[in-house]
Structure formats: structure tokens, C-alpha cells
Amino acid sequence: MNSKTNTIKAAAWVEKLPPYLFAKLDEASRRAKDAGMDVIDLGTGDPDIPTPAPVVTAMQKACADPSTHKYPSYSGSLEFRTACTDWMNRRFGIKLDPQNQVMALIGAKEGVAHLVQAFVGPQDVVLATTPGYPPYFSSATMVGAESYAMPLLAENDFLPRFDQVPEDVCHRTKIIFINYPNNPTGGVATLEFFKTAIEFAKKHNALLVHDAAYSESYGPGEKPLSIFEAEGAEEIAVEMHSFSKAYNMCGWRIGFLAGNASALNALGTVKKIIDSGPFTAVQKAAIAALEMPEEEKQKLRDLWLARRAAVVEELKAAGIEFNETSVTIYVWAKTPEGFSDDEFCARLVEESGVVVAPGASFGSAGAGYFRIALCQPEDRLREAARRISEFLKKHGG
Ligand SMILES: *Cc1c(COP(=O)(O)O)cnc(C)c1O
């Protein structure tokens, strides 16, 4: 290798990003594997189950069709957008205009970063929650803006308290991110909560972004709401939907944004400069996902529920407290007495070969918790939970 390569300093905002918080855990996991341990990784939320066959078949067919090979429209094909609005209508009873109230995304994460680019400047604030999905905050850093994190506490059912946001933050807020069902806490939004969020956003003239990436992961009696079920939402809000967790399509990079037409228009300006929308064949495959028979969708949900049940049974027996909702693909549990979440997670890998995510890696208010991703087969999850329980016995829990 040529040793005379120049090192070019990255932009100032890159230096401001927090360190990658799973780094220590990844390192511990690698060491455990090197030592010959059978490691069970429940750290990241990346479904291990294949994408449903109808979606794969639609993709194969669409790939062979040369009309998909050209630049896609940055906003998504009308066929895709219509499938999205039809689905919103079937799923939530909401009528949106496919012409101007829905836009294709290259995954919800793309939507987060580009919405912030479209709306937020250096004097502005991005309001999000702690614990929360890290890109809300790093996107703010990327545009040189401040962010403010509202705590999600068990005593408030993991819903933020807008009345506790300081006045000077309220005035400067341009975007508010909320996410229900919530990653990582498993919190569920009520219609009342959505109404409060809409009122707050309107009062401060800020764009309200509801990240509904887990709207399709739920158990009986917990069917999540769309923010558009609340009065007046389309005046101030957009909702992000993702195919990643709902249909095991993380690698396909597709989602959509629905709602406020002027916000979509502003996002479109950014997308015209930066990307040209998702591959048309992927959009066709995503239509197949939305149009899968209800029984097939139920099968996907049942699998997550069976996995959750396997873990929860062991946690209960071990006396570990956790949020007992059945939304998302995670279990949000309290770290045992006498351990910080960092220490608990690190020692669990070292001694038991089980990788879980420390709560504080999602923000300071996540401290005292850990997150189990249900992204392993049921028997492996049962085994992991059994090892957690043994770890506790060994350490006097
Ligand atoms: C996983 C996740 C996403 C990512 O969605 P993509 O469509 O894969 O980009 C978005 N939001 C939350 C809260 C997530 O957990």
C-alpha cells in the first residue's frame, strides 16, 4: 500500500457525532466468539426471517421488465403511491390523495435525514425522544442544528410530556419526531396523545413527523393507530411507513411518507437533488407486500408473538421486569439491581454469550434498561433467556 495517502479532515459535524455505542459490545461479542463461545446476538433489530415469497416473486418478474430499468420518479410511481393510499385506507380508514399526499422513500431512515435537511437550519431545534432512534439526533447534527430529547418514562407510559419542554426550545423547534409503536420502549400511542402532539406542533408551527416503522408489529387488542386518525393531523403532520420490519424487507430499502402535501413537496426538492427514488422494481415488490392476503400478514405477526412469549416466560420466572406490551420486535426490560446497563450487557456477553443492547445506547433516559431484539429463531431465544436467568442466579439476582 502507498503510505503517502493524505488524510483529509472530515466536516466539523462529523466530529460532533457521538461514538458508535455498540462498539464496546461488538468487541466483547467478537472476543466471546474467538474464545469458542456459542454467541446468541439479540442486539440489532434486523429480522432473520426471509422476505415473503410473493414479494420475491414480484421482484423477479419486475427485474426482468426493462421498463423498470430507467430512472424512477423521485416521488415514486403513481402505481406505488396509489397502492400506499389504498393500504392506508384499508388499514386505518384514512383517505389520502395519491397525487400529492404520499411519496416513496428509500427506507424510513432516508426520510428522517432528508426531512431534517429540508426543514431545519443551524438556529433551529429538532425535538425527539430519549430513548429513541439515533438518526433523529445525528440528522440534526448533520445540518448544524440543536436537538432536544424528551424523556420517555415508564410512569408516563413511555409518552413524552410536551408541557415540560422549555419555552426557548419550543420557539425554535422546526421538526418533532415521535415514534409509535416505540423502538426501543414498546410504548403505544393513544388517540389522546396524538391530539396533544398535533396541538403542540400547531402552536409552535413545527412539522410533526410520526415514525410508524412498527405499525404492523402488534398482538391481539393492540392494533396501532395512524396519526391521521386524529383530527387535523394532515394540516401539520407526516407519517413514515417502512417495509423493513413489517415484511422482513430491511435490505430492500423502501418506505413511504404520507400526509401534509407542502411538507412532501419540500422533501421532494431535496430528493430531486440527492436521489431519484427507489428502484421501480422494488416499488413493484413493495406493492405485492401491501397487497398480501391478511392471513399471510397474520402469520408474520404470529411468529413475532410466539418468539416474544418464549422470552417473556423465562424473564418472568427470573423476576425481571419488562414492558408487557406486544408491539414492535423488541422486549424492553429492566437491568437487574446492582448493575448499570453497560456493565450488565458487557458481562452477559462475556459470561453467557448473549448479546442485548444497553438501554443508554438509545439515549440517557434509556439507562437502567436493556433491549432484546427478537431476531433469532424461537429455540435460540428461549436458550438466550434461560442463560440470562442463569446469569442472574449466579450473581445473586
Ligand atoms: C428500524 C427503524 C427504522 C428504519 O426503517 P428503514 O425503512 O429500514 O430505513 C425507522 N425508524 C425506527 C424507529 C426504526 O426502528
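Residues numbered from 1 in each chain as written. Predicted model: local features only at pLDDT ≥ 70, side-chain atom pairs only at ≥ 80, totals over all residues. Heavy atoms only, no water.

Participant: How do you make sense of the site of the ligand when you look at a structure like this?
Facilitator: Around the ligand, the surrounding shell holds 14 residues, and the nearest of these are Asp211, Tyr214, Ser242, Ser244 and Lys245. Within the backbone of Lys109, one N or O atom sits 2.9 Å away from an oxygen atom of the ligand. Within the side chain of Lys245, one N or O atom sits 3.5 Å away from an oxygen atom of the ligand. In isolation the ligand exposes 390 Å². Once the protein is present, 93% of that is buried. Classifying every residue of the shell around the ligand gives five nonpolar, five polar and four charged. (Near = heavy atom within 4 Å. Polar contact = N/O pair within 3.5 Å; in protein donor to acceptor, adjacent residues only side chain to side chain. Areas by Shrake-Rupley, 256 points an atom, 1.4 Å probe, with all protein chains shown as cover. Nonpolar A, V, L, I, M, F, W, Y, C, P; charged D, E, K, R; others polar.)

Participant: Is there a simple way to explain the domain arrangement of the chain in this structure?
Facilitator: Size of an interface: often given as the accessible area lost when the parts come together. The assigned domain composition of the chain is domain 1 (13-42 + 295-394) and domain 2 (53-290). On a C-alpha basis, the centres of domain 1 and domain 2 stand 26 Å from each other. Contact residues are listed per partner, giving 24 residues for domain 1 and 32 residues for domain 2. Summing both partners gives a buried area of about 2300 Å² for domain 1 against domain 2, and 61% of it is carried by carbon and sulfur. The interface formed by domain 1 and domain 2 holds zero salt bridges in total. Counting the contacts that link domain 1 with domain 2 gives 13 residue pairs in polar contact (both at pLDDT 80 or more). Elements supplying a minimum of two residues to the side of domain 1 that touches domain 2: helix H1 (12-16), helix H11 (294-317), strand E9 (330-334) and strand E12 (369-373). Broken down by element, the side of domain 1 that touches domain 2 gets its largest block of residues, five residues, from H11. Its residues placed into classes, the side of domain 1 that touches domain 2 shows 12 nonpolar, eight polar and four charged. (Domains from an automatic or database assignment. Contact = heavy atoms within 4.5 Å. Buried area = accessible area lost by both parts, 1.4 Å probe. Salt bridge = Lys/Arg side-chain N within 4 Å of Asp/Glu carboxyl O. Helix = DSSP H or I, 4+ residues; strand = E, 2+ residues; numbered from the N terminus.)

Participant: Would you mind going over the sheet that holds E9 with me for this structure?
Facilitator: Backbone-to-backbone hydrogen bonds join strands into a sheet, with any given pair of strands oriented parallel or antiparallel. Strand order in the open sheet made by the three strands is E9-E12-E11, with antiparallel pairing throughout. Looking at strand neighbours, the two that pair on one side only are E9 and strand E11 (357-358), the edges of this open sheet. The pairing of E11 with E12 spans two bridges and is classified as antiparallel. Paired with Pro358 across the bridge in E12 is Phe370. (Pairing = 2+ DSSP bridges.)

Participant: What is the right way to read the pairing of strand E4 (residues 146-151) from this model?
Facilitator: For a regular strand, the rule is simple: side chains alternate between the two faces of the sheet. Here strand E3 (residues 125-130) runs beside E4; their pairing, made up of six bridges, is parallel. Counted as the bridge partner of Val126 is Ser147 from E4. The parallel pair E3 and E4, bridged by helix H6 (residues 135-142), forms a crossover whose chirality is right-handed. (Right-handed = clockwise from strand over helix to strand, strands pointing away.)

Participant: Help me understand the pairing of strand E5 (residues 173-179), please; the structure alone is not making it clear to me.
Facilitator: Burial analysis of E5 places six of its seven residues in the buried class, which makes it a mostly covered element. Here three bridges tie E3 to E5, and the two strands are oriented parallel to one another. Pairing of Val125 across the sheet is with Thr173, part of E5. Here five bridges tie E5 to strand E6 (residues 207-211), and the two strands are oriented parallel to one another. Bridge pairing in E6 links Ile178 to His210. On the question of chirality, the crossover connecting E5 to the parallel E6 by way of helix H8 (residues 191-204) is right-handed. (Buried < 20%, exposed > 50% of the residue type's maximum accessible area, 1.4 Å probe, protein only.)

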